[in-house]
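Structural overview for review
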Amino acid sequence: MWAKVLRKVVSAGPLASAAPRLRAMPAPAAVSGYAGAGAALGGRTRHYSDTRPLSEIQLQHLEGSNSGIATILMNRPHARNSLGKVFVMQLEEIIEDLQKDKSVRVVLFKSQIKGVFCAGADLKERAEMTNTEVGHFVHKLRSLMSNIGKYKEINRTVLLW
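What you see is a predicted model, and the numbers here were worked out from it, not measured in a lab.

The next point concerns the pairing of strand 4 (residues 106-111). In terms of burial, strand 4 is a largely internal element, six of the six residues being buried. Side chains V106, L108 and K110 of strand 4 all project onto a buried face; the interleaved residues V107, F109 and S111 project onto the opposite face, where all are buried too. Inspection of the sheet shows strand 3 (residues 69-74) paired to strand 4 by six bridges, in the parallel sense. Among the inter-strand pairings, L73 is bridged to a residue of strand 4, identified as K110. Remark: the strand 3/helix 4 (residues 85-100)/strand 4 crossover connection has right-handed handedness. Of the strand pairs in this sheet, strand 4 and strand 5 (residues 157-160) are connected by four bridges, and their pairing is parallel. Residue F109 lies in a different strand from strand 5, and its bridge partner there is L160.

Now the structure itself:
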């Protein structure tokens, strides 16, 4: 469903010329630093909080005719992109970086898992938390979603794909 909405928004707006390239975006390489799939589109990919062999969240800046578009790639297949501690921490880092980056006009959230966008909270991980930890985690999630919502206030577009 989101793909249909995105296609309508993209095909009608200033991103119309980028739409075919966005739909054909390859998966990023599993290395840290700037590299990988972004290079195929003239961009760069950044992996966050590399405490694991493969980041759960990656940031890709497109360049050339697609400059000003940042893609947040979600890749947590074992938990269907559910919102766990590492996932949220990495997403917070990206949002913080993007808020400082004045060159970004559009932020595109995209799942790297076919047929899944985000399963919601990671209930298995949450079951292992104390009540205090749950309270802090819920507060962190609300703050994160509020920060994402602020993009509209600074004249940036956020798309979910």
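Among the nonpolar cores identified, the biggest contains 22 residues, and I57, I72, L91, I95, L98, V107 and F109 are the most heavily contacted of them. Of all the secondary-structure elements, those providing two or more residues to this core are strand 2 (57-61), strand 3, helix 4, strand 4 and helix 6 (131-149). With six residues, the single largest contributor to this core is helix 4. The contact partners of I72, leaving out residues within four places of it in the chain, are I57, Q58, L59, L91, I94, I95, L98, V107, L108, F109 and K110. Grouped together as the second largest cluster of nonpolar side chains are six residues, V106, L108, L159 and W161 included.

Attention now goes to the environment of F117. Note that F117 resides in the loop between strand 4 and helix 5 (123-127). Residue F117 is classed as partly exposed on the basis of its relative accessible area, which comes to 24%. In the structure, F117 is positioned 37 residues away from R80 in sequence and 7.7 Å away in space, judged by C-alpha atoms. Setting aside anything within four residues of it in sequence, one finds F117 in contact with M74, N81, F109, S111, L160 and W161.

Of note, R80 is a non-glycine position whose phi angle comes to about 55°, a positive value. Here R80 is to be found in the loop between strand 3 and helix 4.

This part covers the pattern of salt bridges. Scanning the entire structure with this criterion turns up four salt bridges. Among the ionic pairs, E125 bridges to R76, the shortest N-O distance being 3.7 Å. Taken as a pair, E125 in helix 5 and R76 in the loop between strand 3 and helix 4 lie far apart in primary sequence, 49 residues in all. Through salt bridges with shared partners, a single network forms among E56, R76, D122 and E125.

Further remarks concern the confidence of the model for the protein. Confidence in the prediction for the protein averages 76 pLDDT; 66% of positions are at 70 or higher. Note on residues 1-42: pLDDT is under 50 here. Beyond four places in sequence and across chains, it has 69 contacts. Counting contacts from residues 49-53, a segment whose pLDDT is below 50, to residues more than four positions away or on other chains yields eight contacts.

About the criteria used
- Residues numbered from 1 in each chain as written.
- Predicted model: local features only at pLDDT ≥ 70, side-chain atom pairs only at ≥ 80, totals over all residues.
- Heavy atoms only, no water.
- Buried < 20%, exposed > 50% of the residue type's maximum accessible area, 1.4 Å probe, protein only.
- Helix = DSSP H or I, 4+ residues; strand = E, 2+ residues; numbered from the N terminus.
- Pairing = 2+ DSSP bridges.
- Right-handed = clockwise from strand over helix to strand, strands pointing away.
- Core = buried A, V, L, I, M, F, W, Y, C linked by side-chain atoms within 4.5 Å.
- Contact = heavy atoms within 4.5 Å.
- Salt bridge = Lys/Arg side-chain N within 4 Å of Asp/Glu carboxyl O.
- pLDDT = per-residue confidence, 0-100.

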